[in-house]
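Structural overview
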Amino acid sequence: MSKNLTKRAEDYSKWYNELVVKADLAENSAVRGCMVIKPYGYAIWEKMQAELDRKFKETGHSNAYFPLFVPKSMFEAEEKNAEGFAKECAIVTHYRLKNDPDRKGKLMVDPNAKLEEELIVRPTSEAIIWSTYKNWIQSYRDLPLLINQWANVVRWEMRTRLFLRTAEFLWQEGHTAHATQAEAIAESFQMMNVYADFAENFMAIPVVKGIKTESERFAGAVETYCIEALMQDGKALQAGTSHFLGQNFAKAFDVKFANAEGTQEFVWGTSWGVSTRLMGALVMTHSDDNGLVLPPNLAPIQVVIVPIYKSDEQLEAISTEVQNVVDALKKLNISVKFDNRTTQKPGFKFNEYELKGVPVRIAIGPKDLENGTYEVARRDTLTKEIVSKEGIEVYIQNLLETIQTNLFDRAFEYRNTHITEVDTFEEFKNLLDSKGGFFAAHWDGTPETEEKIKELTKATIRCIPLNRVEEPGICMFSGKPSVGRVLFAKAY
């Protein structure tokens, strides 16, 4: 099996596109800008879903589902949100087709089936959800309301890339309502921390927690909290956001509650979400020129066993031995596959599972049966060793934990060596192209300076880090006073 993958150093973008397709994660569909997520890719997404869903329920949230369509007047109710998404909306204007009299066997839109009001295909669900909350919330006893939905959304993208930017994508969106401002802010912080914990401990991706600037803030939010990750090519990727909405949507949809004293108040809101964009982050954080590298926590197949044999008798003997290994690993909740296909040679299988990022590969041949040993290969380091069959299941369990930790440590080391403090705009421009990564620089706090830097360099302020040191300084671009450094980077 020939991988024929472009090397990352040659063309990182081409390497990414090829890898997503060749590793059977996804492919472009017949619908422009939309993708088909293939079973192997969807299995990874399901593992992400399961862990996030567990975390959401642990923090008191319940799942629900809301309509795909939003009436235009409802979408317009919160003006900033509507304006922010207006250019990305897909709109339903008619509800019926009919036979085309001029083209036999073809259909046309029935001009008599025009909707009285256009329907927006949701780019995000605040409007439909807050219009529903108006009916659900009357008293302080109904709060907090903590809802999440797993759904698809549509944002009409002109330049698409599998997982990173597609016209339709999968995500979860949490929408919560609270009695006080403090509770809503605490919720926004909590969910940002849930995302950070998931990214670091499950996906092995180190992230920076921060606040978005006003120009990068979610349309309709008072504050946007985010987690930012750094990819191997030195570009940043927004991995998750959590928004404090203030009372903006409550006022737009007249969502009030009677407090303990009987006084009517507007509720306070939040929304937060992560999407299949995390699949792109996973590929670009860990993978190499040989293919995918998957953290064991997310690998659909954590261990693959490949038999090495020349005769049917040898395969039968190996298969009997392997069954014991499979049973022992499954008891430890380790997902394992025994690839006993007779249509492919071991070399083909080795390449295939290397490409698909399976964390551990075990090879067993007749000599291994004689010696009571197995050959164990690690995907993260591409190293092999001979291991005794005694206690192999505990050895593999420990090895998977080691691989998970190693992948995080490796990404953490890369990220930390690519956070650079700069004080002048010239230094910033030079290093942006030659080194990449995050740049900690003083900024005067004005959107004008932020926009000018973006215009000249294509770099944006990824976030104001939550752990930044408040220190007086001079903006690297304008020379005006600054209260602290922010993180700039080119981004996906």
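Here, the structure is the one placed above.
An account of the accompanying structure is given in this report. It should be emphasised that the depicted structure is a prediction, and the values quoted were computed from it without experimental measurement. Throughout this document, residue positions are counted from 1 along each chain, in the order its sequence is written. With pLDDT at 70 or above as the cut-off, local features in this predicted model cover only qualifying residues; side-chain atom pairs require 80 or more to be listed or tallied, and sums for whole chains, interfaces and linings still use all residues. Neither water nor hydrogens contribute to the side-chain values; these are computed over all heavy atoms in the structure.

**Things to note about the pairing of strand 20 (residues 373-378)**
Across a regular strand the side chains alternate sides, sitting on one face of the sheet and then on the other. To be explicit about the condition: Each residue's exposure class comes from its accessible area (1.4 Å probe, protein chains only) as a fraction of the maximum for that residue type: buried when under 20%, exposed when over 50%, partly exposed otherwise. Numbered from the N terminus, helices here are DSSP runs of H or I no shorter than four residues, and strands are runs of E no shorter than two. In this analysis, strands are considered paired if DSSP registers two or more bridges between them.
Of all six residues making up strand 20, five are buried, and the element is well covered by its neighbours. When strand 19 (residues 360-364) meets strand 20, the two strands line up antiparallel, connected through four bridges. Within strand 20, the position partnered with Val 360 by the bridge is Arg 378. Once strand 20 ends, the chain turns through five residues before running back antiparallel as strand 21 (residues 384-388), passing Leu 382 with a positive phi of about 60°.

**Let's talk about the packing of helix 13 (residues 425-434) against helix 14 (residues 447-457)**
Quick reminder of the rule: Comment: axis = line fitted to C-alpha atoms, over the contacting stretch for helices; angle = value between 0 and 180 degrees taken between N-to-C directions. Should an angle fall under 35 degrees it is called roughly parallel, over 145 degrees roughly antiparallel, and 65 to 115 degrees roughly perpendicular, with every other angle called oblique. Here a crossing is taken to be left-handed if its near helix is turned anticlockwise relative to the far helix by less than a right angle, and right-handed if that turn runs clockwise. Contact between two residues is taken to exist if any of their heavy atoms lie within 4.5 Å; hydrogens are not considered.
It is at 12 Å that the axes of helix 13 and helix 14 come closest, and there the two elements cross at 40°. With respect to helix 14, the axis of helix 13 lies oblique. Relative to helix 14, helix 13 is oriented so that their crossing is right-handed. Only Ile 453, Leu 456 and Thr 457 of helix 14 make contact with helix 13, whose side of the interface consists of Phe 425, Phe 428, Lys 429 and Leu 432.

**Here's the deal with the side chain of Gln 247**
Keep this limit in mind: Contacts described as polar in this section are N or O atom pairs within 3.5 Å, which, within protein, must combine one atom able to donate a hydrogen with one able to accept it, while residues neighboring in sequence count only if both atoms come from side chains.
If you trace the backbone, Gln 247 turns up in the loop between strand 13 (236-246) and helix 7 (248-252). In terms of polar contacts, Gln 247 uses its side chain to reach the backbone carbonyl oxygen of Phe 266, at 2.9 Å. Each residue touching Gln 247, except ones within four places of it in the same chain, is listed here: Phe 266, Val 267 and Trp 268.

**Some points on the sheet that holds strand 4 (residues 69-71)**
Taken together, three strands build an open sheet; the order of strands is 4-8-5 and the sheet is antiparallel. For this open sheet the edge positions go to strand 4 and strand 5 (90-94), each flanked by a neighbour on one side alone. Neighbour-to-neighbour, the strand axes of the sheet open up by a mean angle of 35°, direction not taken into account. Direction of pairing for strand 4 relative to strand 8 (residues 114-121): antiparallel, over a ladder of three bridges. Note that in strand 8 the partner of Phe 69 across the bridge is Val 121.

**Here we look at the packing of aromatic side chains**
Geometrically, a pair of aromatic rings is defined through the distance of the ring centres and the angle of the planes. Just so we agree on the cut-off: Side-chain rings of Phe, Tyr and Trp, where Trp is taken by its six-membered ring, are said to pair if the distance between their centres is within 6.5 Å; with planes under 30 degrees apart they count as stacked, over 60 as edge-to-face, and otherwise as tilted. Placement of a positive charge over a ring is assigned whenever Lys NZ or Arg CZ falls within 6 Å of the ring centre and within 35 degrees of the normal to the ring plane.
In the structure shown here, the tally under the stated rule is 19 aromatic pairs. When the ring of Phe 66 is compared with that of Trp 136, the centres are 6.0 Å apart and the planes differ by 40°; the resulting orientation is tilted. Residue Phe 66 is located in the loop between strand 3 (62-63) and strand 4, and its partner Trp 136 is located in helix 5 (residues 126-136); the two are separated by 70 residues in the primary sequence. Taking relative accessible area as the criterion, Phe 66 reaches 4% and is therefore assigned buried. Through pairs of rings, three or more aromatic residues link up here, namely Trp 45, Phe 56, Trp 150, Tyr 195 and Trp 272. One cation-aromatic arrangement involves Lys 235 over Tyr 492; the distance from NZ or CZ to the ring centre is 5.1 Å.

**As for the pattern of salt bridges**
Stated precisely, the cut-off is as follows: Just to be clear on terms, a salt bridge is a Lys or Arg side-chain nitrogen sitting within 4 Å of an Asp or Glu carboxyl oxygen.
In the structure shown here, the tally under the stated rule is 31 salt bridges. A salt bridge links Glu 223 to Arg 217; the shortest N-O distance between them is 3.6 Å. Of the residues examined, Arg 217 reaches a relative accessible area of 24% and is grouped as partly exposed. One salt bridge in this structure joins Glu 421 and Arg 485, with 3.6 Å as the shortest N-O distance. On the criterion of sequence distance, the pair formed by Glu 421 in strand 22 (residues 419-421) and Arg 485 in strand 26 (residues 481-489) is long-range, its members being 64 residues apart. Classification of Glu 421 by relative accessible area gives exposed; the value is 54%. Look at Arg 485 and you get buried, because its relative accessible area is 12%. Several salt bridges converge on common partners, so that one network encompasses Glu 51, Arg 54, Lys 55, Glu 58 and Asp 197.

**As for unusual backbone geometry**
For the bond running from Leu 143 to Pro 144, omega is -5°, close enough to zero to count as cis. Relative to the elements of secondary structure, Pro 144 occurs in the loop between helix 5 and strand 9 (145-154). Here Phe 163, not a glycine, exhibits a phi torsion of approximately 70°, which is positive. When its relative accessible area of 2% is taken as the criterion, Phe 163 is described as buried. The backbone phi angle of Ala 204 is positive, close to 60°, even though this residue is not glycine. Tracing the backbone through its elements, the reader meets Ala 204 in the loop between helix 6 (181-201) and strand 11 (208-211). For Ala 204, a relative accessible area of 0% translates into the label buried.

**So, the pairing of strand 21**
Direction of pairing for strand 20 relative to strand 21: antiparallel, over a ladder of five bridges. The partner of Glu 375 across the bridge, within strand 21, is Ile 386.

**Observations regarding the packing of helix 1 (residues 12-22) against helix 8 (residues 277-286)**
It is the contact of helix 1 with helix 8, at a shortest axis distance of 11 Å, that shows an interaxial angle of 120°. Classified by the angle between their axes, helix 1 and helix 8 sit oblique to one another. Here helix 1 and helix 8 pass one another in a crossing that is right-handed. Taking contact as the criterion, the partners of Tyr 12, Trp 15, Tyr 16 and Leu 19 in helix 1 are, on helix 8, Gly 280, Val 283 and Met 284.

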